[in-house]
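# A look at the structure
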Amino acid sequence: MQQLRRLGTGIGWRPEIAEAVERMPGIDWVEAVAENVCPGHVPESLLRLRERGVTVVPHGVSLGLGGADRPDASRLTALAERAEALGSPLVTEHIAFVRAGGPLTASPLLEAGHLLPVPRTRDALDVLCANVRAAQAALPVPLAVENIAALISWPGEEMTEGQFLYDLADRTGVHLLIDVANLHTNHVNRGEDPSKALDELPVEAIAYVHVAGGFERDGTWHDSHAHPVPEPVLGILADLASRVAPPGVLLERDENFPEPAELERELAAIRRTVTRARARATVGAGRRGGVTYAPTPPKAITGDGVVPDAGTAGRPEHAAAAPVEVPTGAEDAARQRLALAQAALLSALVAGTPAPEGFDRVRLGVQARALAAKRADVVAKVAPELPEILAEVYRPAFLAYAQGHPMSGGYRRDALDFAEHLLLAGLPESAETRLLREWWLERSGPAPLSRRPGARLARATLRVLLGR
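Residues numbered from 1 in each chain as written. Predicted model: local features only at pLDDT ≥ 70, side-chain atom pairs only at ≥ 80, totals over all residues. Heavy atoms only, no water.

## Considering the overall build of the chain
Per the secondary structure count, the chain includes 16 helices and 12 strands. In the chain, the share of contacts with a sequence separation of at least 24, taken over all contacts with a separation of at least 6, comes to 74%. With the model as given, the accessible surface of the chain reaches about 21,500 Å², and the carbon-plus-sulfur share is 55%. (Helix = DSSP H or I, 4+ residues; strand = E, 2+ residues; numbered from the N terminus. Contact = heavy atoms within 4.5 Å. Areas by Shrake-Rupley, 256 points an atom, 1.4 Å probe, with all protein chains shown as cover.)

Structure representation (structure tokens):
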């Protein structure tokens, strides 16, 4: 595994806080959402930070490495271009799926608009490892992948999160981006022990660490990135830092931005947490005779309930001693099975189909509502005219629309489809309706013609009707 440079303490760069980030003391590096950076038009703020020697890392959110399909070549090219444009030492993505359906399932392609958990099964691991290797081959710098927060659990999982990540790193050499806020989320929502996950992780594979806030509602923790970092998350950070000196730690904040002084206080708390944990670990090592502390190697229980002997210590029973190449036929079969499972789950979440067997229907409902709410929030950002035109009607109207209209493209397409839906529903004529019609007509064309004559006719008819 390639050794990565130490990053230090950083913060997620967002346009809303760009000026504040530039003025913050002690910022060693920043992370920018890859999809929001255009290689030919890098924001001036990021260029100024780079000139000062601040490292910029692109963080992808749409690749879907945990999906059943092979990584999209154009998305990989785009991620590589951003890494080169920013002079980045690495790029990061997520262990998640973000779309499902399509040719593998002979069903419509559905977009989640959010990161969804992959099942911790051998099928999913085989597919993920193949996808990660493909991404590594296409990228000019090392790749690190992030554990995600989840509201739901897959039935029939075969590994813990720590074991899954251990095997992934072992088989591919990929680095890990460990989000301690996500470990806390999974503790609240899925009853998983963060300390046990850290016990099982290959800490030498950690590229850096995310820290973020959230909130709890009705027993469910929502990883919002819009609230202060809570003490339990700092506690998990301290646990991790007691095991290894994290190469980098970064504060994530995506919305509901506080005053810069508040962000600086959170960064100070993060630094203080890591420093104290490292000091305690050093003292503890000294008391044990100067031996550097290392976590207890992960142990696995074999099928007959026997703990492996000392000869296999340090590696889970199921982990491979060398990179595992899954035969092409077996990989294709695994992709097919995973594709069907992910399509069934995503359809239940965004299209209202029945819940797949074994899932908690209450939790699925919570996740479905969270996905719809996120769609509404993001559409409001990419098309701010819609909430301005519709005012208080916007959010309830969009949530009602989302229940029966899954995403099939990006958020800009979603905004157009939502406006089109409202206009075709026969809204009473008003100033708002006229503004909405003008907005839709201005942004819906010209567009590439569909190859289907029926689709071209329907679009032309719609434009005539809405233009009257």
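## Some thoughts on the nonpolar core
I11, V30, L46, L143, L168, V211 and L237 are the most contacted members of the largest nonpolar core, which has 89 residues in total. Per-element accounting of this core gives the leading share, 7 residues, to helix α8 (residues 231-241). The residues touching L143, leaving out its near neighbours within four places in the chain, are L65, V91, T92, E93, V132, A135, Q136, V174 and H175. (Core = buried A, V, L, I, M, F, W, Y, C linked by side-chain atoms within 4.5 Å. Buried < 20%, exposed > 50% of the residue type's maximum accessible area, 1.4 Å probe, protein only.)

## Details of unusual backbone geometry
A positive phi angle is found at H225, which is not glycine, with a value near 55°. By the element assignment, H225 lies in the loop between β11 (220-222) and α8. Phi at N256 takes a positive value of approximately 55°, unusual for a residue other than glycine. If you trace the backbone, N256 turns up in the loop between β12 (248-251) and α9 (260-287).

## Digging into the packing of helix α4 (residues 122-138) against helix α10 (residues 328-350)
Closest axis-to-axis distance for the α4/α10 pair is 9 Å, and the angle between their directions is 115°. What the angle tells us is that α4 and α10 run roughly perpendicular. Where α4 crosses over α10, the handedness of that crossing is left-handed. Of the residues in α10, those in contact with D123, A124, V127, A130 and N131 of α4 are E331, A334, R335, R337 and L338. In terms of residue class, the contact of α4 with α10 is built from 5 nonpolar, 1 polar and 4 charged. (Axes fitted to C-alpha atoms, helices over the stretch in contact; angles between N-to-C directions. Parallel < 35°, antiparallel > 145°, perpendicular 65-115°, else oblique. Left-handed = near helix turned anticlockwise from the far one by under 90°. Nonpolar A, V, L, I, M, F, W, Y, C, P; charged D, E, K, R; others polar.)

## Considering the pattern of salt bridges
Under the counting rule described, the total for this entry stands at 25 salt bridges. Its salt-bridge partner being R375, residue D414 comes within 2.8 Å of it at the nearest N-O pair. Of this pair, D414 sits in helix α14 (residues 411-424) while R375 sits in helix α11 (residues 361-382), and the two are 39 residues apart along the sequence. For D414, a relative accessible area of 3% puts it in the buried group. Here the residues in one salt-bridge network are R120, E157, E161, R190 and E192, joined through shared partners. (Salt bridge = Lys/Arg side-chain N within 4 Å of Asp/Glu carboxyl O.)

## Focus on helix α13 (residues 394-404)
Helical periodicity: at 3.6 residues per turn, an α-helix aligns residues three or four positions apart in one direction. Buried residues of α13: Y394, A397, F398, Y401 and A402, and no others. Along the axis of α13, the buried positions cluster into a sector of 135°, meaning they face one direction only. Of the exposed residues in α13, the ones pointing more than 90 degrees away from its buried face are P396 and Q403. Residues of α13 that are buried sit in contact with α10, α11, α12 (385-390) and α14. (Arc of directions from axis to C-beta.)

## Details of the environment of A268
In this fold, A268 is placed in helix α9. Expressed as a C-alpha distance, the spacing of A268 and T9, which sit 259 residues apart in the sequence, is 9.6 Å.

## Considering the confidence of the model for the chain
Here the chain averages 87 in pLDDT, and 86% of its residues register 70 or above. Of the regions scoring below 50 in pLDDT, residues 289-322 engages in 45 contacts with residues more than four places distant in sequence or in other chains. Within the model, the stretch residues 447-452 combines pLDDT values under 50 with 5 contacts to residues more than four positions away or in other chains. (pLDDT = per-residue confidence, 0-100.)

## Describing the packing of α11 against α13
Working note: a packed helix pair is described by the angle between its axes plus the distance between those axes. Packing of α11 against α13 brings their axes to within 9 Å, and their N-to-C directions diverge by 125°. Our classification of the angle between α11 and α13 gives oblique. Here α11 runs over α13; the crossing is right-handed. Residue-level contacts link A372, A373, R375, A376, D377, V379 and A380 of α11 to Y394, R395, F398, L399, Y401 and A402 of α13. Broken down by class, the residue content of the contact of α11 with α13 amounts to 10 nonpolar, no polar and 3 charged.

## Examining the packing of aromatic side chains
The final tally for this structure, using the stated rule, is 7 aromatic pairs. Ring centres of W29 and Y208 lie 4.6 Å apart, and the angle between their planes is 70°; this geometry places the pair in the edge-to-face category. Note that W29 is positioned in strand β2 (residues 29-33) and Y208 in strand β9 (residues 206-211), a separation of 179 residues in sequence. The exposure class of W29 is buried, given its relative accessible area of 0%. (Phe/Tyr/Trp six-rings, centres within 6.5 Å; stacked < 30°, edge-to-face > 60°.)

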